[in-house]
Amino acid sequence: MILSRRSILLSGITVAAAGALPGFAYAAAGTPKRLVFVIQRGAADGLATVAPTGDPAFAAARRAMTDETAGGAKLDGMFTLHPSLAQTASLYTGKQAHFAHAVATAYRDRSHFDGQNMLEGGGSRPYGRDDGWVGRLLTLLPAAERDAIAIAPAVPLALRGSVQVGTYAPSRLPQADADLIARLTALYADDPLLHPLWDSAVKTQELASDIGGNNGRNGAELGKLAASLMLPADGARVMMVETGGWDTHSGQRNRLAAQLRGLDQLIGALQTGLGPAWNDTLVIVATEFGRTVEVNGTGGTDHGTASTAMLLGGGLAAGGKVSADWPGLAAAARYEGRDLKPTRSLERVIAGAVAHHYALDPKRVMSTLYPDA
């Protein structure tokens, strides 16, 4: 179902009041741009997503999960993409994907809440700002490209600011049990007005909370939904998509494979759904921090520091590359003896990509998105 911005408002959905990368330069202004920020809540393991298989210390550290990246696409002499990211690998081959590795925000502790606050708010310390980097970006954009929405139950911090944005999600009422959901679904089944709205709300809740479910097809449906909200002439031009489930303390091999499969299908469905508009779209995928180099006793990994960020879209100037000032994974090279050491600023990676995408002055973008940096 394709919903215009106007139909979203009428249907009662909640509305709340250079560069760091090589080869980035100013781009010529063209058709309206689209930006999608996908947040991986829970600290996604960048070492498994874009695995440094060329580093001898990697196999030794991940011996308990040696087949986790088997069959993945070789990106270059150092890095291998996780095998669940098949469509993303094709984008990489077509120079429409760029991976920034060993990146982190300025945050150096390991609290999900504080780390996500830093990632979204873009401040120099947790809870130092009540607006977010995407919300501040909107002030730099032409009026026609400011229409923003989040697939989330409330406006996330990243989108908050002086520009009004919307959300697409079910009510913020307490979580209902499965029996109540089924009874309400049956009740509304024959109602021509309420049935499609209820069905859409239930599906949105399912997709956003379990991107890896249904063998990754939840991710595909979420990508279709995102594309349907952005493709119309009066649709959203900036979007934030919340995904959870990335906190893989145990059983990481299968759990992360499902998560990444869902993300891969989200990206593929978004590309397909946007059609030619994909060429004017930038997708940024980032997480609050990474995970430990060593595997723990339950086949998982614990909270770490540096991770991987993904940049995707049809107009990347530095597509088909992995950018990394690689620190190595030997024990002496790790951050605090346990984590992948951050060697590049995630804030600068994001600001550089955004500046190129919108043909804006990189210094102005950096100072607006991250004024405390």
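Residues numbered from 1 in each chain as written. Predicted model: local features only at pLDDT ≥ 70, side-chain atom pairs only at ≥ 80, totals over all residues. Heavy atoms only, no water.

Visitor: Is there a simple way to think about empty space enclosed by the protein in this case?
Guide: One simple way to see leftover space: roll a probe sized like a water molecule over the atoms. Computed from the structure, the largest cavity encloses a volume of approximately 80 Å³. Sorting elements by how many residues they give to the lining of the largest cavity places strand E10 (residues 307-312) first, with three residues. Across the lining of the largest cavity, the residue classes tally to seven nonpolar, six polar and one charged. Quantified by volume, the second largest cavity comes out at close to 40 Å³. For the lining of the second largest cavity, the secondary-structure elements that each account for two or more residues are helix H2 (46-49) and E10. When residues of the lining of the second largest cavity are assigned to their parent elements, the largest contribution, three residues, is made by E10. For the lining of the second largest cavity, the residue count by class is two nonpolar, five polar and one charged. (1 Å grid on protein atoms, 1.4 Å probe; cavity = no way out; pocket = protein on both sides within 12 Å on 5 of 7 lines; lining within 4 Å. Points joined across faces, edges and corners; volume = space filled by probe spheres on them. Helix = DSSP H or I, 4+ residues; strand = E, 2+ residues; numbered from the N terminus. Nonpolar A, V, L, I, M, F, W, Y, C, P; charged D, E, K, R; others polar.)

Visitor: What is the right way to look at helix H11 (residues 346-358) in this model?
Guide: Count 3.6 residues to each turn of an α-helix, and residues three or four apart come out pointing the same way. Look at H11: 18 Å from first C-alpha to last across 13 residues, which is about the 18 Å you get at 1.5 Å a residue. Most of H11 sits out of view: 12 of its 13 residues are buried. Where H11 is concerned, the buried positions are Leu 346, Glu 347, Val 349, Ile 350, Ala 351, Gly 352, Ala 353, Val 354, Ala 355, His 356, His 357 and Tyr 358. Just beyond H11, the residue with positive phi is Ala 359, at close to 55°. (Expected span 1.5 Å × (residues − 1). Buried < 20%, exposed > 50% of the residue type's maximum accessible area, 1.4 Å probe, protein only.)

Visitor: Whenever I open this one, the nonpolar core confuses me. Can you help?
Guide: A general trend in soluble globular proteins is that nonpolar side chains are found buried together. With 53 residues, the main nonpolar core has Phe 99, Leu 263 and Leu 312 as its most contacted residues. Here the element with the most residues in this core is helix H10 (residues 252-274); it accounts for seven residues. Here Phe 99 is in contact with Val 50, Leu 75, Leu 81, Thr 88, Tyr 92, Thr 308, Ala 309, Met 310, Lys 321, Val 322 and Ser 323, once residues within four sequence places are set aside. Counting 41 residues, the second-largest nonpolar core is a separate cluster that includes Ile 39, Ala 309, Ile 350 and Ala 353. (Core = buried A, V, L, I, M, F, W, Y, C linked by side-chain atoms within 4.5 Å. Contact = heavy atoms within 4.5 Å.)

Limitation: the analysis is restricted to geometry and does not speak to function.
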